[in-house]
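# Coordinate inspection notes
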Amino acid sequence: MYSNIDAKPTIVYDPKILTKIKEMITEGFEKLKTLLKSKSKSDFEIYYELDKNFNNIALKLEKYEILHEELDYFLLTSDKILYIVYKNCENNSFGHYEFALDLFDFFIDIWNAKLDLLNNFSTSEIEKHEKLKEEFDKKYFEFNKKFHTAIYEPSDSYCEKEIYKIMKSMRK
């Protein structure tokens, strides 16, 4: 698979950009925790700030082909987080903040795994990362299942097929 692993890797990335993205991720996580602490207050301003922050992170991740898997996971998890935050802004008794924080922790684990790979690029790190990706896939499947069975409230105005079409068009 990686025949030239001992040679200097040809991975091109900017550590300053990765640091900036990590700062943005941390900032988003802190905003989410702040919202959790003040959950008695319906504040769409926090939702819009978080949405803007998430969009900025996605735009940064999108620029680097090497981060495409992390972008996919980020989009999948951030959509669910924003859904929970929005529903709580509408009705502060909606809850599920812990699930949103778990999703964010999950993405941070994915991010840190990629940074470890990039900082210590070797055969053993590649193998370790491949195993972690399998675990992440399984874990995301469980998160997704829980989200759609226990949290998500479908809209009466759209059928399921229409919602999938809308979501698919938003990812392009």
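Up top is the structure.
Nothing here was measured: the structure is a model prediction, and the numbers come from that model. (Residues numbered from 1 in each chain as written. Predicted model: local features only at pLDDT ≥ 70, side-chain atom pairs only at ≥ 80, totals over all residues. Heavy atoms only, no water.)

## Digging into the nonpolar core
- Residues Leu32, Phe54, Ile57, Leu61, Ile81 and Trp111 are the most contacted members of the largest nonpolar core, which totals 40 residues.
- Those elements that provide at least two residues to this core are helix 1 (15-37), helix 2 (44-62), helix 3 (68-90), helix 4 (97-119) and helix 5 (123-151).
- Top contributing element to this core by residue count: helix 4, with twelve residues.
- Those residues in contact with Leu61, other than ones at most four positions away along the chain, are Ile21, Leu67, Glu70, Leu71, Phe74, Phe107 and Trp111. (Core = buried A, V, L, I, M, F, W, Y, C linked by side-chain atoms within 4.5 Å. Buried < 20%, exposed > 50% of the residue type's maximum accessible area, 1.4 Å probe, protein only. Helix = DSSP H or I, 4+ residues; strand = E, 2+ residues; numbered from the N terminus. Contact = heavy atoms within 4.5 Å.)

## A look at unusual backbone geometry
- Phi angles above zero are rare outside glycine, and His96 is one such case at about 70 degrees.
- Tracing the backbone through its elements, the reader meets His96 in the loop between helix 3 and helix 4.

## Concerning helix 2
- Its 19 residues give helix 2 an end-to-end C-alpha distance of 27 Å, which sits within 8% of 27 Å, the value for a rise of 1.5 Å per residue.
- Every buried residue of helix 2 is accounted for by Ile46, Tyr47, Leu50, Asn53, Phe54, Ile57, Ala58 and Leu61. Along helix 2, the residues classed as buried sweep out an arc of 140 degrees about the axis, all on the same side. For helix 2, exposure combined with an orientation more than 90 degrees from the buried face picks out Glu45, Lys52 and Glu62. (Expected span 1.5 Å × (residues − 1). Arc of directions from axis to C-beta.)

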